[in-house]
Amino acid sequence: MTALPDPTSQPQRSWYKRNEIAVTPWLFLLPGMFFFAFYVIYPIFQSFWISFHEWDGLGEKVWVGTANYERLLGGDRKFETSFWNNLKWLFLYLLAIPAGLSIALLLNQKVRGIRLYKSLFFFPFVLSQVVVGLVFSWFYLPREGLLNAILAVVGAGPVNILGDPSTATYGIIAAGLWPQTAYCMILYLTGLNAVDPEQIEAARLDGAKGHRMLWYVVLPQLKPATFIAFVVTIIGALRSFDLISVMTNGGPFGSTRVLSFYMYEESLSEFGFRMGYGAAIAVVLFFIMLFFIVYFLWSMYQDERGGR
């Protein structure tokens, strides 16, 4: 009679073999998590620490507590101008979302040559912000610019968009809206491809059409695309720097400064090297971004809970 093998004599599998399915994804994620922590999370906390110091970037840091924040909130006119310009960027930049949705709905039709039209609308997104700034700077030129040539045709006088403190910021925002609208269009085109055709047909049978179809059937299915569009647009508006640097360099008379550009001026420009003060501006900008992102995340979470 053959004896049964003793289970205790079988070689035990290693811990990794027993947990291979759970552990393997983390091993692939570990390098990315390390770089994210080192290049993103750590600099955030470092900026908080530097903001409580007076530092030129080379010598010893001098602890000043909340002095940098007191200076910011105690009547710094440059900070006030930058803050209000950021609010203008924020609210006007959001126009890219409905504009992108409208173009996406237009381009979602089945007509001849639609791929060419999609490429033309997509083209601004692949351009560098520096190139966009240069193109619009030439477009706004007071004498040779295309804008004034168009105004002359309709009998309007020449305007100096970038040379007038009251219009320069709006001119730069218009330049930024061009590629941002293209980005939102791409997001919505992707979302429209995922819209359930059965719901569309059912809504048509119930008599829904036009804006009712859009509002009650299409837009609810585009919520993920809308969320991404809002977050990316808000971040883009609050960290706007390239266009301002290329088109006006903060002028005329500092009227087009935003927080990110003012942070650069204080920290790294020729007359700056006040790293502590620049870090304090960065912290304020970080909390403004965080407020809007957390708000949209919370709103999306509440919608998901309500839909269950």
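Residues numbered from 1 in each chain as written. Predicted model: local features only at pLDDT ≥ 70, side-chain atom pairs only at ≥ 80, totals over all residues. Heavy atoms only, no water.

Colleague: Quick question: what am I supposed to make of the overall build of the protein here?
Modeller: Helix and strand content of the protein: 15 helices and 2 strands. For a compact globule of 308 residues, the expected C-alpha radius of gyration is about 19 Å, and the protein comes in at 27 Å, more than 25% above that figure. Projecting the C-alpha coordinates of the protein onto the three principal axes gives extents of approximately 110 × 70 × 35 Å. Restricting to contacts in the protein with at least 6 residues of sequence separation, those with at least 24 account for 66%. If you sum the accessible surface of the protein, you get close to 20000 Å²; carbon and sulfur atoms cover 66% of it. One way to put it: in the protein the 22 positive side-chain charges average out to a point 9 Å from where the 20 negative ones average out. (Helix = DSSP H or I, 4+ residues; strand = E, 2+ residues; numbered from the N terminus. Rg over C-alpha atoms; globule rule 2.2 N^0.38 Å. Contact = heavy atoms within 4.5 Å. Areas by Shrake-Rupley, 256 points an atom, 1.4 Å probe, with all protein chains shown as cover. Lys, Arg positive; Asp, Glu negative; His and termini not counted. Charge placed at Lys NZ, Arg CZ, Asp CG, Glu CD.)

Colleague: What's the story with the side chain of T256 in this structure? I'm lost.
Modeller: With respect to the secondary-structure elements, T256 resides in the loop between α13 (242–247) and α14 (259–268). For T256, a relative accessible area of 1% puts it in the buried group. Within the local environment of T256, its side chain forms a polar contact with the backbone oxygen of G250, the two atoms lying 3.1 Å apart. Residues within four places of T256 in sequence aside, it is in contact with N85, A168, T169, I172, I244, T248, G250 and G251. (Buried < 20%, exposed > 50% of the residue type's maximum accessible area, 1.4 Å probe, protein only. Polar contact = N/O pair within 3.5 Å; in protein donor to acceptor, adjacent residues only side chain to side chain.)

Colleague: What should I look at first to understand the pattern of salt bridges in this one?
Modeller: It is possible for side chains bearing opposite charge to pair when their charged atoms get close. Enumeration over the complete set of coordinates arrives at 4 salt bridges. Of the charged contacts, one joins R77 and E80 as a salt bridge, the two residues approaching to 3.9 Å between their closest N and O atoms. Here the residue R77 and the residue E80 both occupy positions in helix α4 (residues 77–93), the gap between them amounting to 3 residues, near one helical turn. In this structure R77 comes out as exposed when scored by relative accessible area, which is 61%. Its relative accessible area of 34% is what places E80 among the partly exposed residues. With its nearest N and O atoms 2.7 Å apart, the salt bridge here joins R274 to E266. (Salt bridge = Lys/Arg side-chain N within 4 Å of Asp/Glu carboxyl O.)

Colleague: It is not clear to me how helix α10 (residues 197–205) should be interpreted in this structure. Could you clarify?
Modeller: Residues spaced three or four apart along an α-helix face the same direction, because each turn holds 3.6 residues. At the N-terminal boundary of α10, the capping side chain belongs to D196, with an oxygen 3.1 Å from the backbone nitrogen of E198. Just beyond α10, the residue with positive phi is G207, at close to 95°.

Colleague: I would appreciate a short explanation of the packing of aromatic side chains in the present structure.
Modeller: Centre-to-centre distance and the angle between the planes together describe a pair of aromatic rings. For the structure on display, the rule yields 27 aromatic pairs. Taking 5.6 Å as the distance between ring centres and 45° as the angle between the ring planes, the aromatic pair formed by W49 and W63 counts as tilted. Residue W49 is found in helix α2 (residues 20–50), and its partner W63 is found in strand β2 (residues 62–63); the two are separated by 14 residues along the sequence. Judged by its relative accessible area of 51%, W63 falls in the exposed class. Each residue in the set F34, F35, F38, Y39 and Y42 is aromatic and connected to the rest through ring pairs, giving one cluster. (Phe/Tyr/Trp six-rings, centres within 6.5 Å; stacked < 30°, edge-to-face > 60°.)

Colleague: Is there a simple way to explain helix α9 (residues 168–193) in this structure?
Modeller: Across its 26 residues, α9 extends 39 Å between first and last C-alpha, which sits within 8% of the 38 Å expected from 1.5 Å per residue. Of all the bends in α9, the greatest, near 30°, is centred on W178, and the proline P179 appears no more than four residues after it. Judged by how many residues are buried, α9 sits mostly within the fold: 19 of 26 residues are covered. (Expected span 1.5 Å × (residues − 1). Bend = angle between axes of the 7 residues up to and from the residue.)

Colleague: What exactly am I supposed to notice about unusual backbone geometry here?
Modeller: Peptide bonds are trans in most cases, and residues, glycine excluded, mostly fall at negative phi. Residues G251 and P252 are joined by a peptide bond in cis, for which omega reads -5°. Along the chain, P252 falls in the loop between α13 and α14. Not every positive phi belongs to a glycine, and N249 is a case in point at roughly 55°.

Colleague: What exactly am I supposed to notice about the environment of N19 here?
Modeller: Examined against the element boundaries, N19 turns out to sit in the loop between α1 (15–18) and α2. Considered as a pair, N19 and T190 are 171 residues apart in the sequence and their alpha carbons are 37 Å apart.

Colleague: Help me understand the environment of V131 in this model?
Modeller: For V131, the position within the fold is in helix α7 (residues 129–139). Sequence-wise, V131 and E80 are 51 residues apart; in three dimensions their C-alpha atoms are separated by 29 Å.

Colleague: Would you take a moment to explain the environment of G171 for this structure?
Modeller: Here G171 lies in helix α9. A relative accessible area of 5% places G171 in the buried class. Once the C-alpha coordinates of G171 and I161 are considered, the two residues, 10 residues apart in sequence, prove to be 6.3 Å apart.

Colleague: Looking at this structure, how should I read the nonpolar core?
Modeller: Where a protein is soluble and globular, its nonpolar side chains tend to be buried together. In this structure, W89, Y140, I172, Y188, L222 and M247 are the most contacted members of the largest nonpolar core, which totals 41 residues. Of all elements in the fold, only α4, α5 (96–107), α7, α9, α10, α11 (210–221), α12 (223–238) and α13 reach the threshold of two or more residues within this core. Core analysis: the next-biggest nonpolar cluster, separate from the first, contains 19 residues, Y69, I234, I288 and F292 among them. (Core = buried A, V, L, I, M, F, W, Y, C linked by side-chain atoms within 4.5 Å.)

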